[in-house]
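# What the coordinates show
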Amino acid sequence: MILYIYYKYMHYFFDTDSIHFVKEITIYFLMLLWILFVNPTLPSHLESLCAFLIIFLLTWQYEAKLLKKLFLTLLIYGIYVMCEMLVGYLIILFDRNMRTDTFVTAHAIMMLIFMYLWEQAVELVGEQIKKTRRRLAESESAKRQLAGYSNQMKVMKNSEEKVRGLRHDLKHHLNELMLLAERDQASEIKEYIKHMDDFMTYSKEYVSSGNMDIDSLLNLMLDIAKKELGDVSCRVSIPKDLAIEPFDLNVILGNLLDNAIFAAKQTKEKYLKVRISYKAGMLLIHIENSYAGQLVKEGRRYVTTKKEDIAAHGMGIENVRAVVEKYDGELSIKDEEQVFQVKAVLYAPDKPRRISP
């Protein structure tokens, strides 16, 4: 039972997706044999030390930093010692003359009960912390979404003003083009049309796919990227309507682009590439960026290097993974030769178009 409690602690604090199940069970079985046959032969003053060593050895089969392993070992051991003291005090308090065999049985049962209750309390507190972080992440995504829509409104307003201005002077432009055509001045006509196109193009409208949710967020994030980076490219080819919630799109693109821009601006290349396309009911997202230094991983999880986000502990990618799984999709991450790549596939059929009666 005590090993099961240790097992629950390990699975709560460590990423266990990459661990081999048979290997894990074998190690716990060996520890069980140690507790059953070796522990009873040891002097009583060594039992506490053995508990510490067993907990510490169990942590070594999981991928994590040494400090995290030590922290968890000390946490569980501290709870173990505290339960030992509490149980001993309670037994003495209720029956000072308890027989040895009864004392051992009562001590073991009460230790298990108290250790299990402590594990449940730690798990409950941890879940509350996770929920708080998730609410903060959702709040940040909502703020980003609102900022994206606000930015898109400015883009649309500016574009509308340019169209209105061009329409007002359209007669003059057509007259000029007619004169150039009569003189067979093809190169001048091309140049004039290019000036008209430049006039119509708003410098902060990087994406115009027709999908309001994606356009608004990408125009906001790419405007930030253009200010921070030197090599930014983006290509988007998607339908106007997708069966994906705007909030979910915000979580995916917002987190991925936030991370990509932050990492790329630390490098000499300052490189970011965004590709979003749609075909056969699948939304394909590919984001690639340069990065410097060494990435930190725990299992399959990437740990954030942003000092202000240490508490979040890489939750951005995990939030993205959760949304991708919501749409029965796949998320793959590669980091090779100082280039970080994220590819996400979401199954999202077109929304049925309404046909006017």
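Residues numbered from 1 in each chain as written. Predicted model: local features only at pLDDT ≥ 70, side-chain atom pairs only at ≥ 80, totals over all residues. Heavy atoms only, no water.

## Details of the overall build of the protein
Secondary structure summary: the protein contains 10 helices and seven strands in total. Restricting to contacts in the protein with at least 6 residues of sequence separation, those with at least 24 account for 69%. Just so you have it, the protein exposes about 21,800 Å², and 60% of that area is on carbon and sulfur atoms. (Helix = DSSP H or I, 4+ residues; strand = E, 2+ residues; numbered from the N terminus. Contact = heavy atoms within 4.5 Å. Areas by Shrake-Rupley, 256 points an atom, 1.4 Å probe, with all protein chains shown as cover.)

## Overview of the packing of aromatic side chains
Scanning the entire structure with this criterion turns up six aromatic pairs. Measuring from centroid to centroid gives 6.5 Å for Tyr77 and Tyr80, while their planes differ by 20°, and the two rings are stacked. Taken as a pair, Tyr77 and Tyr80 lie in helix α4 (residues 66–94) at a separation of three residues, close to a single helical turn. A relative accessible area of 12% means that Tyr80 is categorised as buried. Relative to Phe340, the ring of Tyr291 lies with its centre 6.4 Å away and its plane at 90°, an arrangement referred to as edge-to-face. Taken as a pair, Tyr291 in the loop between β3 (282–290) and β4 (296–298) and Phe340 in strand β7 (residues 339–347) lie far apart in primary sequence, 49 residues in all. For Phe340, a relative accessible area of 13% translates into the label buried. Three or more aromatic residues link up through ring pairs in this structure, and these residues are Phe52, Phe56, Trp60, Tyr77 and Tyr80. (Phe/Tyr/Trp six-rings, centres within 6.5 Å; stacked < 30°, edge-to-face > 60°. Buried < 20%, exposed > 50% of the residue type's maximum accessible area, 1.4 Å probe, protein only.)

## Quick notes on the sheet that holds strand β6 (residues 330–336)
Across the sheet, five strands lie side by side as β1-β2-β3-β7-β6; this open sheet has mixed pairing. This sheet does not close on itself; its edge strands, each paired only once, are β1 (231–237) and β6. The average undirected angle you get between the axes of adjacent strands in this sheet is 10°. Here seven bridges tie β6 to β7, and the two strands are oriented antiparallel to one another. Looking at β7, one finds that Ser332 is bridged to Lys343. The strands touched by helix α8 (residues 212–228) are β1 and β2 (271–279); relative to β1, the strand with the most contacts, the crossing angle is about 165°. Packing of helix α9 (residues 246–264) onto the sheet brings it into contact with β2, β3 and β7, and relative to β3 it is tilted by some 15°. (Pairing = 2+ DSSP bridges. Axes fitted to C-alpha atoms, helices over the stretch in contact; angles between N-to-C directions.)

## Here we look at the packing of helix α1 (residues 2–13) against helix α2 (residues 21–38)
Running from N to C, α1 and α2 cross one another at 145°; their axes reach a closest spacing of 10 Å. Pair α1 / α2 crosses with right-handed handedness. From α1, Ile2, Leu3, Tyr6, Tyr7, Met10 and His11 reach across to α2, where they touch Glu24, Tyr28, Met31, Leu32 and Ile35. Residue classes in the contact of α1 with α2 are distributed as nine nonpolar, one polar and one charged. (Left-handed = near helix turned anticlockwise from the far one by under 90°. Nonpolar A, V, L, I, M, F, W, Y, C, P; charged D, E, K, R; others polar.)

## With respect to the confidence of the model for the protein
Parts of the prediction with low pLDDT should not have their coordinates interpreted in detail. Residues at a pLDDT of 70 or more form 72% of the protein, whose mean pLDDT is 76. Mean pLDDT in the protein bottoms out at strand β5 (residues 301–303), which sits at 64, and peaks at β3, which reaches 93. Per-residue pLDDT stays below 50 along residues 308–314; that stretch engages in 10 contacts with residues further than four places along the chain or on separate chains. Confidence over residues 352–357 falls short of pLDDT 50; this stretch has zero contacts with residues more than four positions distant or in other chains. (pLDDT = per-residue confidence, 0-100.)

## Describing unusual backbone geometry
A positive phi is found at Lys270, a non-glycine position, where the angle reads about 45°. For Lys270, the location among the structural elements is in the loop between α9 and β2. On the basis of relative accessible area, Lys270 is assigned to the partly exposed category, the value being 27%. If you check the backbone angles, Gln338 has positive phi at about 60° while not being a glycine. Inspection of the secondary structure assignment puts Gln338 in the loop between β6 and β7. For Gln338, a relative accessible area of 37% translates into the label partly exposed.

## A few points about the side chain of Asn289
Topologically, Asn289 is positioned in strand β3. Discounting chain neighbours no more than four positions away, the residues touching Asn289 are Ala260, Ala263, Ala264, Tyr271, Leu272, Gln338, Val339 and Phe340.

## Observations concerning the pattern of salt bridges
Considering all chains together, one arrives at four salt bridges under this definition. Taking the shortest distance from any N to any O, the salt bridge between Lys326 and Asp248 comes out at 2.8 Å. Of this pair, Lys326 sits in helix α10 (residues 315–326) while Asp248 sits in helix α9, and the two are 78 residues apart along the sequence. Judged by relative accessible area, which is 52%, Lys326 ranks as exposed. Here Arg321 and Glu318 are joined by a salt bridge, their closest N and O atoms 3.8 Å apart. Remark: Glu318 and Arg321 occur in helix α10; sequence separation between them is three residues, near one turn of the helix. A relative accessible area of 9% places Arg321 in the buried class. (Salt bridge = Lys/Arg side-chain N within 4 Å of Asp/Glu carboxyl O.)

## Looking at the pairing of β3
Counting buried positions over the nine residues of β3 gives seven, a clear majority of the element. Of the strand pairs in this sheet, β2 and β3 are connected by eight bridges, and their pairing is antiparallel. Along β3, the bridge assignment pairs Tyr278 with Leu283. Count of turn residues in the β2/β3 antiparallel hairpin: two residues, of which Ala280 carries a positive phi of about 50°. In the sheet, β3 pairs with β7 via nine bridges, with the strands oriented antiparallel.

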